Amino acid sequence: MSSTATPTSGTRATATTAAATGGPARSPLQGWLAVLAVTLGIFSIVTTEILPIGLLTAIGADFGISDGTAGLMMTTPGILAAVAAPTVTLATARIDRRLMLCAFVLLLALANVLAAVAPAYWLVLLSRVMVGVTVGGFWSIGAGLAERLVRPESARRATAVIFSAVPLGSVLGVPAGTFIGDLAGWRTAFLVMGALTVGVFALTALATPALPPGRPTRPHELRAMVRSTHTRFALVMTFLVVLAHFGAYTYVTPFLERVTHLTSPGLITVFLLTYGAAGIAGNFLGGALVTRRPRATIGTAAALIAGATLLLPLLGRGEIGALALLIVWGIAYGAVPVSLQTWFAKSAPAAPEAASVLFTASFQATISLGALTGGVVLDSTSPSTVMALGGATAILVALTAWLHHARRLDRPQRS
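Residues numbered from 1 in each chain as written. Predicted model: local features only at pLDDT ≥ 70, side-chain atom pairs only at ≥ 80, totals over all residues. Heavy atoms only, no water.

**So, the overall build of the protein**
Line of reasoning, step 1. Check the secondary structure of the protein and you find 18 helices and zero strands.
Line of reasoning, step 2. Each of the 415 residues in the protein was classed as buried or not, and the buried ones make up 57%.
Line of reasoning, step 3. Relative to all contacts within the protein whose residues are 6 or more apart in sequence, the contacts with residues 24 or more apart total 86%.
Line of reasoning, step 4. Approximately 15900 Å² of the protein is accessible, and the part contributed by carbon and sulfur atoms is 70%. (Helix = DSSP H or I, 4+ residues; strand = E, 2+ residues; numbered from the N terminus. Buried < 20%, exposed > 50% of the residue type's maximum accessible area, 1.4 Å probe, protein only. Contact = heavy atoms within 4.5 Å. Areas by Shrake-Rupley, 256 points an atom, 1.4 Å probe, with all protein chains shown as cover.)

Written out as structure tokens, the structure reads:
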């Protein structure tokens, strides 16, 4: 995601609203400290949400459950986030946004600590419920706050800083969690995240100014967005591409262990870190292209995801082939969130919080469905089949996006 998710007109409108509802912090330094707090909050959320991917087999072995059942740790937050995004945003519409941000970060810290000390798997899943509520609530509120924290001329740069937390969390979350888990056990990885989140809570409480609620998001705005043809098409594309990605990527560690035969945990960490670094490049590349050609950008990204996942069972049996395809996959998926967020923002430029709510809900719901579907397939077949099904779904995204893009290009010629 990048600053392109917020149109210039929306920036001016939101800046005006901000002035009437608390405005930016009293000094530039305070404003940027608050931006840093929101950025670290999103970083902590993204890292915590995807942390189990690299620890999946270790957690499953500790509790004596299959990899597919362990995948419920990815399914649970997505379901709760999808429900929490609209519910929490609407229910807390008149509460100071600073107070809500602090509450969500504190809940995330408690969730990490609970996972670290849980004696039974159901308590781990309970902690993931808490993560889901945090994802849905914090993201829906925090994604559009940059323009209320800094001066109007710095709003786009502040938005870019906040959204950079998404690829950074993806880069560091899985490999860092895997690395810590290899050194000191998977529980230590969650405990470290809990300690980090406590620090983020302190920074949020100290650096974020009072943020009285602006114009509250209303249910009819969400209903109007869903009735829009552009929004419906964006929802379909979100469903397919996120299903393809998370249905496969949630189980990339079992694939690297069983198919590529990476026996060294440190080597798996290196592979995942390389994938994440490629994702950062894809994020900025997608951000540069999506404002001009959103459908073509998503179509190209989906085609690359399809190629990488379909070829992994064939070329991913060797280390070089697997690493090369993970790089392609990382670049491709890195462009997906920024493209989808931009699409939703353009469909409702006058209601940025409503657009964030709908985007968060659809994205998170599909993460849970993808992880669940992939887990069922993994337990009944093999990691290679999971990759192949992810690739087949990504092909549908690429064909749909490119056909829609071509149809729009043809229309001026016919008229």
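**Let's talk about the packing of aromatic side chains**
Line of reasoning, step 1. Counting across every chain of the model gives seven aromatic pairs.
Line of reasoning, step 2. An angle of 80° between the planes, with centres 5.7 Å apart, marks the rings of Tyr249 and Trp329 as edge-to-face. Of this pair, Tyr249 sits in helix α12 (residues 229–249) while Trp329 is found in helix α16 (residues 319–347), placing the two residues 80 residues apart along the sequence. The pair formed by Tyr249 and Trp329 is uniform in burial state, with each residue classed as buried.
Line of reasoning, step 3. One aromatic cluster is present, built from ring pairs that chain together Phe63, Tyr121, Trp186 and Phe190. (Phe/Tyr/Trp six-rings, centres within 6.5 Å; stacked < 30°, edge-to-face > 60°.)

**Focus: the packing of helix α2 (residues 28–63) against helix α10 (residues 186–207)**
Line of reasoning, step 1. Viewed as axis vectors pointing N to C, α2 and α10 meet at an angle of 165°, and their least axial separation amounts to 9 Å. For the element pair α2 / α10, the angle class is roughly antiparallel. Two packed elements cross with a definite hand, and for α2 against α10 that hand is left-handed. (Axes fitted to C-alpha atoms, helices over the stretch in contact; angles between N-to-C directions. Parallel < 35°, antiparallel > 145°, perpendicular 65-115°, else oblique. Left-handed = near helix turned anticlockwise from the far one by under 90°.)

**Remarks on the environment of Cys102**
Line of reasoning, step 1. Relative to the helices and strands, Cys102 is located in helix α5 (residues 97–117).
Line of reasoning, step 2. When the C-alpha atoms of Cys102 and Val200 are compared, they prove to be 9.0 Å apart, with 98 residues separating the residues in sequence.
Line of reasoning, step 3. Non-local contacts of Cys102, meaning those with residues more than four positions away in its chain, are made with Phe201, Thr204 and Ala205.

**Here's the deal with the pattern of salt bridges**
Line of reasoning, step 1. The full count for this structure, using the stated rule, is one salt bridge.
Line of reasoning, step 2. The salt bridge partner of Arg187 is Asp62, with a shortest N-O separation of 3.7 Å. Placement of the pair is Arg187 in helix α10 and Asp62 in helix α2, with a sequence separation of 125 residues.
Line of reasoning, step 3. Overall, the relative accessible area of 26% leaves Arg187 in the partly exposed class. (Salt bridge = Lys/Arg side-chain N within 4 Å of Asp/Glu carboxyl O.)

**Things to note about a nonpolar patch on the surface**
Line of reasoning, step 1. Together, Phe239, Leu369, Leu372 and Val376 make up an exposed nonpolar region whose accessible area comes to about 320 Å².
Line of reasoning, step 2. Broken down by element, the residue count for the nonpolar patch peaks at three residues, all from helix α17 (residues 352–380).
Line of reasoning, step 3. On the secondary structure map, Leu369 appears in helix α17.
Line of reasoning, step 4. The class of Leu369 is partly exposed, set by a relative accessible area of 33%. (Patch = residues over 30% accessible without salt bridge, like charges linked within 9 Å, V, L, I, M, F, W, Y side chains within 5 Å.)

**As for α10**
Line of reasoning, step 1. Here α10 contains 22 residues, and its C-alpha end-to-end distance of 32 Å stays within 8% of the 32 Å for a straight helix at 1.5 Å per residue.
Line of reasoning, step 2. Listed in full, the buried residues belonging to α10 are Trp186, Ala189, Phe190, Met193, Gly194, Thr197, Val200, Thr204 and Ala207. Seen from one end, α10 has its buried residues packed into an arc of 165°, which puts them on one side. Looking at α10, the residues exposed on the side facing more than 90 degrees away from the buried face are Ala195 and Leu206. (Expected span 1.5 Å × (residues − 1). Arc of directions from axis to C-beta.)

**Re the side chain of Thr297**
Line of reasoning, step 1. Relative to the elements of secondary structure, Thr297 occurs in helix α15 (residues 294–315).
Line of reasoning, step 2. In this view, Thr297 contacts Gly286, Leu289, Val290 and Ser339; residues no more than four positions away in its chain are not counted.

**A few points about the nonpolar core**
Line of reasoning, step 1. Ranked by size, the top nonpolar core spans 105 residues in total, and within it Ile42, Leu256 and Trp329 carry the most contacts.
Line of reasoning, step 2. Ranked by residue count, the leading element in this core is α2, at 14 residues.
Line of reasoning, step 3. Leaving out residues up to four positions away in the same chain, Ile42 has contacts with Phe138, Trp139, Ile162, Ala165 and Val166. (Core = buried A, V, L, I, M, F, W, Y, C linked by side-chain atoms within 4.5 Å.)

**Regarding the packing of α2 against helix α6 (residues 121–142)**
Line of reasoning, step 1. Across the interface, α2 lies against α6 with an axial gap of 10 Å and an inter-helix angle of 160°. Put simply, α2 runs roughly antiparallel to α6. At the point where α2 passes α6, the crossing takes the left-handed sense. Residues Val38, Gly41, Ile42, Ile45, Thr48, Glu49, Pro52 and Phe63 of α2 touch α6, and the partners they reach there are Tyr121, Val124, Arg128, Val131, Thr134, Val135, Phe138, Trp139 and Gly142.

**Considerations on the confidence of the model for the protein**
Line of reasoning, step 1. When pLDDT is averaged along the protein, the result is 80; 85% of the residues meet or exceed 70.
Line of reasoning, step 2. Contacts for the low-pLDDT stretch residues 1–22, under 50 throughout, to residues beyond four places or in other chains number 51 contacts. (pLDDT = per-residue confidence, 0-100.)

**Observations concerning the side chain of Thr75**
Line of reasoning, step 1. The topology assignment puts Thr75 in helix α4 (residues 72–91).
Line of reasoning, step 2. Residue classification places Thr75 among the buried residues on the basis of a relative accessible area of 4%.
Line of reasoning, step 3. Among the polar contacts listed, one links the side chain of Thr75 to the backbone nitrogen of Leu372, at a separation of 3.2 Å. (Polar contact = N/O pair within 3.5 Å; in protein donor to acceptor, adjacent residues only side chain to side chain.)

**Let's talk about unusual backbone geometry**
Line of reasoning, step 1. With a phi angle near 65°, His261 is a residue other than glycine that sits in the positive phi range.
Line of reasoning, step 2. By the element assignment, His261 lies in the loop between α13 (252–258) and α14 (265–290).

**Concerning the environment of Leu315**
Line of reasoning, step 1. Note on placement: Leu315 falls in helix α15.
Line of reasoning, step 2. Between the C-alpha atom of Leu315 and that of Leu325, which follows or precedes it by 10 residues, the distance is 8.3 Å.
Line of reasoning, step 3. With sequence-adjacent residues up to four places away left out, Leu315 is seen in contact with Gly321, Ala322 and Leu325.

**Here's the deal with the environment of Leu125**
Line of reasoning, step 1. Position of Leu125 relative to the elements: it lies in helix α6.
Line of reasoning, step 2. Each C-alpha atom of the pair Leu125 and Pro77 lies 8.8 Å from the other, and the pair is 48 residues apart in sequence.
Line of reasoning, step 3. Other than its neighbours up to four places away in sequence, Leu125 contacts Leu72, Met73 and Thr76.

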